[in-house]
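# Tertiary structure, described
One letter stands for each residue in the lines below.
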Amino acid sequence: MLRRIDVITLFPEWLEGFKALGLTGRALAEGRVALKCWNPRDFAPGVHRSVDDRPYGGGPGMVMRPEPLALCLDAVLAEDEPAAVACLSPQGRVVDQAAVGELAQRPRLILVCGRYEGIDERVMETRIDEEWSIGDYVLSGGEPAAAVLMDAVIRLQPGVLGHQDSAAEDSFVDARLDCPHYTRPESWRGQTVPDVLLSGDHARIQRWRTAQAVLRTARRRPDLLADRPLSATERAAVAEFGLAGGAIDDESGLK
Ligand code: ADE
């Protein structure tokens with residue numbers, strides 16, 4: 001269970017909305033997880049408190065200087081129990097739901113948000129234990145990536161989601177996507193809710209949802225199913241609600 005997250009960022013304001021709003025805001029306000037932001041600028045020597053400088057060897061952009069970050073990390077690590085120092089960067093291991101599940105079980109996360117062209121490599125070598133990427137694209141800084149990662153781990157903490165089992169139904173948990181969802185009204189602009197969802201037959205509804213999830217995954221993310229056989233439950237659900245069932249996800253193209 002995650003108790004505490006420390007975020008090292010040059011733009012702590014970036015995380016204000018994350019800290020105040022929605023599911024994460026509530027979880028933090030309820031004290032389920034503690035979040036503390038640290039700014040390397042507060043540890044930068046000199047009147048200018050400069051945190052970046054031009055790269056040796058030339059080239060565009062600025063590099064985060066080693067000393068303010070190292071001093072900041074000293075202060076972070078001096079507080080509370082030891083933990084791995086993780087940096088958000090496009091060079092890191094790509095985060096997936098399995099990784100989120102592992103990170104969510106740690107007691108403490110320390111997340112360093114990079115900025116500019118990067119962080120001086122000597123800090124990376126000596127002070128950063130792991131690197132995580134949220135995908136194969138480049139952001140202008142690690143803050144949005146840290147917010148993504150924190151959101152994903154916080155919602156898995158006990159008591160954070162309303163329904164005890166709603167995390168179990170998420171996309172990716174069974175290496176498949178989520179099924180479609182509907183709410184009132186029953187008929188909206190000529191489109192109706194699938195009959196099965198109005199039937200009150202909960203076992204049948206569950207089988208329909210399973211079939212939808214499998215068919216949607218087959219259509220949109222076949223790579224997720226390539227690594228594993230379908231379970232007996234999935235096979236039975238697809239057989240019951242499959243091609244002839246007429247209840248297939250619109251975009252499946254399998255009708
Ligand atoms: N910083 C810049 N791009 C990033 C990415 N894709 N993931 C994590 N941190 C980043």
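Here is a short report on the structure shown in this document. All figures in this text were calculated on a predicted structure; none of them were measured in a lab.

Bringing the environment of H181 into the picture now. Tracing the sequence through the fold places H181 in the loop between α6 (143-154) and β9 (187-188). Look at H181 and you get exposed, because its relative accessible area is 56%. With 60 residues separating them in the primary sequence, H181 and F241 have C-alpha atoms 16 Å apart. Within the local environment of H181, its side chain forms a polar contact with the backbone oxygen of C179, the two atoms lying 3.2 Å apart.

Attention shifts here to unusual backbone geometry. The omega torsion across R184 and P185 is 5°, close enough to zero to call that bond cis. Relative to the helices and strands, P185 is located in the loop between α6 and β9. In this model, A175 sits at a positive phi of 55°, which is unusual for a non-glycine residue. On the secondary structure map, A175 appears in the loop between α6 and β9. Given a relative accessible area of 26%, A175 falls into the partly exposed group.

Overall, the coordinates contain 0 disulfides when judged by the stated rule. Note on C87: no disulfide assigned, nearest cysteine sulfur contributed by C113 at a separation of 8.1 Å.

Right, let's talk about the sheet that holds strand β6 (residues 108-113) for a bit. Spatial strand order, β2-β1-β6-β5-β8: 5 strands in an open sheet with parallel pairing. Looking at strand neighbours, the two that pair on one side only are β2 (34-38) and β8 (130-133), the edges of this open sheet. Going from strand to strand, the sheet's axes swing by 35° on average, the running direction of each strand aside. Taken strand by strand, helix α3 (residues 66-78) contacts β1 (4-8), β2, β5 (85-94) and β6, and its axis lies near 165° from that of β6.

Right, let's talk about the sheet that holds strand β3 (residues 52-53) for a bit. Strand pairing in a sheet relies on backbone hydrogen bonds, with the paired strands running either antiparallel or parallel. Strand order in this open sheet of 3 strands is β3-β4-β7, and the pairing throughout is mixed. If you trace the sheet from one side to the other, it starts and ends with β3 and β7 (118-119), each paired once.

Attention now goes to the pairing of β5. Pairing of β5 with β6 involves 4 bridges; the strand directions are parallel. Counted as the bridge partner of A86 is L111 from β6. Following the chain from β5 across helix α4 (residues 97-104) to the adjacent parallel β6, one finds a crossover that is right-handed. Here β5 runs beside β8; their pairing, made up of 5 bridges, is parallel. From the neighbouring strand, V94 faces β8, where its bridge partner is S133.

What counts, and where the lines are drawn
- Residues numbered from 1 in each chain as written.
- Predicted model: local features only at pLDDT ≥ 70, side-chain atom pairs only at ≥ 80, totals over all residues.
- Heavy atoms only, no water.
- Helix = DSSP H or I, 4+ residues; strand = E, 2+ residues; numbered from the N terminus.
- Buried < 20%, exposed > 50% of the residue type's maximum accessible area, 1.4 Å probe, protein only.
- Polar contact = N/O pair within 3.5 Å; in protein donor to acceptor, adjacent residues only side chain to side chain.
- Disulfide = S-S within 2.5 Å.
- Pairing = 2+ DSSP bridges.
- Axes fitted to C-alpha atoms, helices over the stretch in contact; angles between N-to-C directions.
- Contact = heavy atoms within 4.5 Å.
- Right-handed = clockwise from strand over helix to strand, strands pointing away.

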